[in-house]
Every structure is written in structure tokens, then in C-alpha cells.
Amino acid sequence: MTLLIAGLVLFIVTHLLRPFAPGLRNAGIAALGKPGWMALHGIVSLLSLVLIAYGFVDARENGGEMLYFPPTFLSHIALTLMLIASICLVAGFLPAGHIRTKLKFPLLVAIKIWALAHLLANGESYSVLLFVTILAWAAILRITLKKRIAAGETRLPVFVSAKYDLISVVVGLALYAAIVLKLHEWVIGVPPLP
């Protein structure tokens, strides 16, 4: 699981740099310029995701210890949660409707639901490591965003139109269907339906 752990550490460090080490981020922007810093950040983020993906596949192929054995009904709950996560994910990329304004940060909500759903359905040590880490990261990031809002560094989304809620639901349902019917098995190698 060394690659998986390395990827997760790199991911966490790069994605919590702004709230926990703003001076380092600002120094990087001053030295490289904003486009250079963004390019470097993007490359390191991509590298972290590649390490996580390869590390996860490697851990799965070499067999991880089972920490718990989820009952089958939890897979059905996980599938239901993933439907909600798909809608939240789409809402996070659109102008604000009711979903986005109520959730404030629907992308983080989608990530937290995704991680929780997968913890319910997977008990392998490598799965638990991945999903607990991502869930913790999303929770920490949400807390730091709340502080940034209070400090006036960022703003909450402002309602634009309810049509974006409808688009979120329709596109989220289509995304969910694609994931369940083919994408999950194609990308991850495991069919999500029991």
C-alpha cells in the first residue's frame, strides 16, 4: 500500500496548502507567477491521483486485510447515496439553484457522500484507508472554507435560477446511470451492482 499512502499524502498536502500554509502558496505564486503556480499545482495534483489509482489497484491485486464484512444491504444503501452524490456533483459545476445555495459547497458534499457510501460497501484495509482519508480531507476543507467565508476571503453562492436544480437532477441521474451500468466497472474494474 506504499503507493496508495504516498498518493494520499501528496493529495492532502497539495489540497490543504491554501488553508494551512498560505505563506508557502503566496511565495510560490510570487516566484512562479499565478499561471506557473497553477500549472505546478495541477501537475502535482494529477501525480497524486495517478499514485492513488495505481496504489489502489496494486493493493487490491495483492489482497488487503478485511477489516469488516459489510452486509449486502449496505451495498443498496451505498447505491442510493451515490445517486444523491451524483446530483450534488453536477450542482457544484452549475450556477446556483436551490441545491447549490442550500448545500453551499455541493462538490464537497458529493465527495463526503461518495466516501461514506464506499465505506459502507467496502471493508478492505486499502478501501478504508482511501475513503476515510478522502472523507477527513473533505470535512477539514469544509471547516476551513467556513472560516474563509467568515474572514471575507470567499463568498457563498448566490441563487440564480431553479432551472439549474432541474439540470442537476437530470444530468446527475444520467451520470449515475452511466456509472452504475458501465463506468464503474470500466474504470475501477468492479461492477457496483451486487
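Notes on the structure in this doc start here. Quantities reported herein were computed from a predicted structural model and do not represent experimental measurements.

## Considering unusual backbone geometry
Part 1 of the reasoning: With a phi angle near 70°, lysine 104 is a residue other than glycine that sits in the positive phi range.
Part 2 of the reasoning: Of note, lysine 104 is situated in the loop between helix H5 (98–103) and helix H6 (106–121).
Part 3 of the reasoning: Residue lysine 104 is classed as partly exposed on the basis of its relative accessible area of 33%.

## Here we look at the nonpolar core
Part 1 of the reasoning: Counting 20 residues, the largest nonpolar core has Leu4, Leu108, Leu130 and Trp137 as the members making the most contacts within it.
Part 2 of the reasoning: Going through the elements one at a time, helix H1 (2–15), helix H3 (22–61), H6 and helix H7 (125–150) are the ones with two or more residues in this core.
Part 3 of the reasoning: Top contributing element to this core by residue count: H7, with 9 residues.
Part 4 of the reasoning: Ignoring anything within four residues of it in the chain, the contact list for leucine 108 reads Trp137, Ala138, Leu141, Arg142 and Leu145.
Part 5 of the reasoning: Counting 12 residues, the second largest nonpolar core, distinct from the first, contains Ala78, Met82, Cys88 and Ala110.

## Overview of helix H8 (residues 163–188)
At 3.6 residues per turn, the α-helix brings residues three or four places apart onto the same side.
Part 1 of the reasoning: Helix length check: H8 (26 residues) gives 33 Å between terminal C-alpha atoms against 38 Å at 1.5 Å per residue, more than 12% under.
Part 2 of the reasoning: Within the span of H8, buried status applies to Tyr164, Asp165, Ser168, Gly172, Tyr176, Val180 and His184.
Part 3 of the reasoning: Among the residues trailing H8, glycine 189 stands out with phi positive, at a value near 90°.

## Points about the pattern of salt bridges
Where side chains of opposite charge bring their charged atoms close, a pairing between them can arise.
Part 1 of the reasoning: Across all of its chains, the model carries 1 salt bridge by this definition.
Part 2 of the reasoning: Between glutamate 153 and arginine 148 there is a salt bridge, with the nearest N and O atoms lying 3.5 Å from each other.
Part 3 of the reasoning: With relative accessibility at 16%, the residue arginine 148 sits in the buried group.

## Concerning the side chain of serine 48
Part 1 of the reasoning: One can find serine 48 in helix H3.
Part 2 of the reasoning: Residue class for serine 48 comes out buried when judged on its relative accessible area of 0%.
Part 3 of the reasoning: At 2.6 Å, the side chain of serine 48 and the backbone oxygen of serine 45 are in polar contact.
Part 4 of the reasoning: Once residues within four sequence positions are removed from consideration, serine 48 is found in contact with Gly7, Leu10 and Phe11.

## Observations concerning the packing of H1 against H7
Part 1 of the reasoning: For the pair H1 and H7, interaxial distance at closest approach is 11 Å and the crossing angle is 5°. On the basis of the axis angle, H1 is roughly parallel to H7. Residues Leu4, Ile5, Leu8, Phe11, Ile12 and His15 of H1 lie in contact with H7, whose contacting residues are Tyr126, Leu129, Leu130, Thr133, Ile134, Trp137 and Leu141.
Part 2 of the reasoning: Of the residues that constitute the contact of H1 with H7, the class distribution is 11 nonpolar, 2 polar and no charged.

Reading the values: the criteria
Residues numbered from 1 in each chain as written. Predicted model: local features only at pLDDT ≥ 70, side-chain atom pairs only at ≥ 80, totals over all residues. Heavy atoms only, no water. Helix = DSSP H or I, 4+ residues; strand = E, 2+ residues; numbered from the N terminus. Buried < 20%, exposed > 50% of the residue type's maximum accessible area, 1.4 Å probe, protein only. Core = buried A, V, L, I, M, F, W, Y, C linked by side-chain atoms within 4.5 Å. Contact = heavy atoms within 4.5 Å. Expected span 1.5 Å × (residues − 1). Salt bridge = Lys/Arg side-chain N within 4 Å of Asp/Glu carboxyl O. Polar contact = N/O pair within 3.5 Å; in protein donor to acceptor, adjacent residues only side chain to side chain. Axes fitted to C-alpha atoms, helices over the stretch in contact; angles between N-to-C directions. Parallel < 35°, antiparallel > 145°, perpendicular 65-115°, else oblique. Nonpolar A, V, L, I, M, F, W, Y, C, P; charged D, E, K, R; others polar.

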